[in-house]
Amino acid sequence: MRGGDGKPGRGPKRQLNAGYVVGGLLMLLTYLVAQHFAVSSPNVVITEAPRIVDDVKSPGETAAAVVSREVPQIVDNTKDPGETENGKVVCNMEGRSDTCEVDGDVRTNGTALSVTLVPAASWPERHEWMINPYSRRFASLRKVTVTQLQDRAAAPPCTVTHDMPAVLFGVGGYAANYWHAYADILVPLFVASRRYHGEVMFLVSNIQFRPRWLVKYRAFLQGLSKYDLVDMDGDAQVRCFPRVTVGLRLDKELSIVPELVPGGRLSMPDFTGFLREAYALPRGAAASLAREPEKKPRLLLIHRGHYRRILNEPEVARAAEAAGFEAVVTELRGGGDTPEGEVEQALDHLRRQ
Ligand SMILES: *[C@@H]1O[C@H](CO)[C@@H](O)[C@H](O)[C@H]1NC(C)=O
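Predicted, not measured: the structure shown is a model, and the values here were computed from it. (Residues numbered from 1 in each chain as written. Predicted model: local features only at pLDDT ≥ 70, side-chain atom pairs only at ≥ 80, totals over all residues.)

1. Concerning the overall build of the chain
Link 1 in the chain: Counting secondary structure elements, the chain contains 10 helices and 12 strands.
Link 2 in the chain: Taking all 353 residues of the chain together, 33% fall into the buried category.
Link 3 in the chain: The contacts in the chain between residues at least 6 apart in sequence include a share of 78% that link residues at least 24 apart. (Helix = DSSP H or I, 4+ residues; strand = E, 2+ residues; numbered from the N terminus. Buried ≥ 20, exposed ≤ 12 C-beta atoms within 10 Å, placed from the backbone. Contact = placed C-beta atoms within 7 Å.)

2. Observations regarding the site of the ligand
Link 1 in the chain: Close to the ligand lie Asn-109, Thr-111, Ala-112, Pro-156, Thr-159 and Val-238.
Link 2 in the chain: Residue composition of the shell around the ligand, by class: three nonpolar, three polar and no charged. (Near = placed C-beta within 6 Å. Nonpolar A, V, L, I, M, F, W, Y, C, P; charged D, E, K, R; others polar.)

3. Considering helix α9 (residues 313-322)
Link 1 in the chain: Three or more residues of α9 are buried, namely Val-316, Ala-317, Arg-318, Ala-319, Ala-320 and Glu-321.
Link 2 in the chain: Trailing α9 by a residue or two, Gly-324 shows a phi angle of about 105 degrees, which is positive.

4. Digging into the environment of Asp-151
Link 1 in the chain: Relative to the helices and strands, Asp-151 resides in the loop between β5 (144-148) and β6 (160-161).
Link 2 in the chain: Along the backbone, Asp-151 and Val-118 are 33 residues apart, and their C-alpha atoms lie at a distance of 6.8 Å.
Link 3 in the chain: The residues touching Asp-151, leaving out its near neighbours within four places in the chain, are Pro-119 and Ser-122.

5. Examining the environment of Asp-270
Link 1 in the chain: Within the element layout of this structure, Asp-270 appears in helix α8 (residues 268-278).
Link 2 in the chain: Judged by local crowding, Asp-270 falls into the partly exposed class, with 18 C-beta atoms found within 10 Å.
Link 3 in the chain: Residues Asp-270 and Arg-194 lie 76 residues apart in sequence; the distance between their C-alpha atoms is 9.8 Å.

6. Notes on the confidence of the model for the chain
Link 1 in the chain: Of all residues in the chain, 71% attain a pLDDT of 70 or more, and the chain-wide mean is 78.
Link 2 in the chain: Low pLDDT, under 50, characterises residues 1-82; the stretch is placed with 115 contacts to residues that sit more than four places away or in other chains. (pLDDT = per-residue confidence, 0-100.)

7. Observations concerning the nonpolar core
Where a protein is soluble and globular, its nonpolar side chains tend to be buried together.
Link 1 in the chain: Of all hydrophobic cores here, the largest spans 54 residues; its most connected members are Cys-100, Val-102, Val-146, Leu-168, Leu-186, Leu-189 and Val-246.
Link 2 in the chain: The element contributing the most residues to this core is helix α5 (residues 178-193), with 10 residues.
Link 3 in the chain: Once you skip the residues sitting within four places of it in the chain, Leu-189 turns out to touch Val-167, Phe-169, Leu-224 and Leu-248.
Link 4 in the chain: Counting residues in each nonpolar core, the second largest holds 11 residues, with Leu-300, Ala-317, Phe-325 and Val-328 among its members. (Core = buried A, V, L, I, M, F, W, Y, C linked by C-beta atoms within 7 Å.)

8. Looking at unusual backbone geometry
Outside of glycine, negative phi angles account for most residues, and trans bonds account for most peptide bonds.
Link 1 in the chain: The backbone phi angle of Asn-206 is positive, close to 70 degrees, even though this residue is not glycine.
Link 2 in the chain: Relative to the helices and strands, Asn-206 resides in the loop between β8 (201-205) and α6 (213-216).
Link 3 in the chain: Phi angles above zero are rare outside glycine, and Ala-280 is one such case at about 50 degrees.
Link 4 in the chain: Positionally, Ala-280 belongs in the loop between α8 and β11 (298-303).
Link 5 in the chain: With 8 C-beta atoms counted inside 10 Å, the residue Ala-280 sits in the exposed group.

9. As for the pairing of β8
Link 1 in the chain: Across the five residues that make up β8, a large majority, five, are buried.
Link 2 in the chain: The two faces of β8 match: Met-201, Leu-203 and Ser-205 on one face and Phe-202 and Val-204 on the other face are all buried.
Link 3 in the chain: In the sheet, strand β7 (residues 166-170) pairs with β8 via five bridges, with the strands oriented parallel. Note on β8: the bridge partner recorded for Ala-166 is Met-201.
Link 4 in the chain: The parallel pair β7 and β8 is bridged by α5, and the resulting crossover is right-handed. (Pairing = 2+ DSSP bridges. Right-handed = clockwise from strand over helix to strand, strands pointing away.)

10. Structural notes on the environment of Gly-284
Link 1 in the chain: Topologically, Gly-284 is positioned in the loop between α8 and β11.
Link 2 in the chain: A tally of 8 C-beta atoms within 10 Å means that Gly-284 is categorised as exposed.

11. Some points on α5
Link 1 in the chain: Its 16 residues place the ends of α5 21 Å apart at the C-alpha level, agreeing with the 22 Å of an ideal helix rising 1.5 Å per residue.
Link 2 in the chain: Its maximal kink placed at Leu-186, α5 deviates by approximately 30 degrees, while the proline Pro-188 follows within four residues.
Link 3 in the chain: Where burial is concerned, most of α5 is hidden: 13 out of the 16 residues are buried. (Expected span 1.5 Å × (residues − 1). Bend = angle between axes of the 7 residues up to and from the residue.)

Laid out in structure tokens, this is it:
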């Protein structure tokens, strides 16, 4: 079914459950509606985010390489002051993603694609982690070597020193796909960097394989970072930072787990709020049935003809109408050059109905 073939939902009434609709639809507008419900969701019980960047790990513990974010904060009064000066590496190898949070005297080398923690004094031994800078560890991107040096002697000298923290991530993987772009990079990047309010630098690897990606999402990236991003693979500098987050965490597909957000809770309404800000969208919410009961919210069901099809598309559209939407089925062609372009194209289809 295509847009212009007539409205779906004229067929026989069917009783389809709402899960059918939610499971079957891949589109923007449901998403906007869904976040509406997310706001009032009563089932989030934890009110304070556990801090992950805590000074609780001795060097030996850090070496275990698996440090869960769910570990509650422990107040360690016995900590050696030298430990703080030495900085620390906290890596999380659980779930779909591998990430490290490196704090202290941190130095990056783009040519080597390495992130090195240089201790003030010395550690008993050297440690190394290989981190995929893409949030799904099986994606074929060059890995980042994260090293905790044993002492300062082996440290590369800084050629540039930055005051702000950095987040290192790779573009590529599955991110040419719109859904993956959001699920794998944009939402995790928002989670990793929103806490810095723009005072963060993005170090991006693998750009040469996805040259258009950063152009397409420029407005989004500029909303999160005030600074020009660094093309890591071509970066001849040794950059020094007070903190570098290596890799992005995908906690939940196209979603945020508020308790796992570093630096304070965030949820999907924060994300969509940020999108509105970044793209200067005028409206704060999708249509409200409470305010305008006579108006049906329009729902755009994107027709896909290639890799994944919704085999029962007419039924899905009817179910959406039964759930109170005015459903519009349409095909988006050629993926716009920018998300604005794609959304504009989608809205155009909606308006024409
Ligand atoms: C970065 O690492 C590469 C490869 O190990 C090395 O050849 C190069 O000298 C390093 N760059 C700097 C500026 O130290």
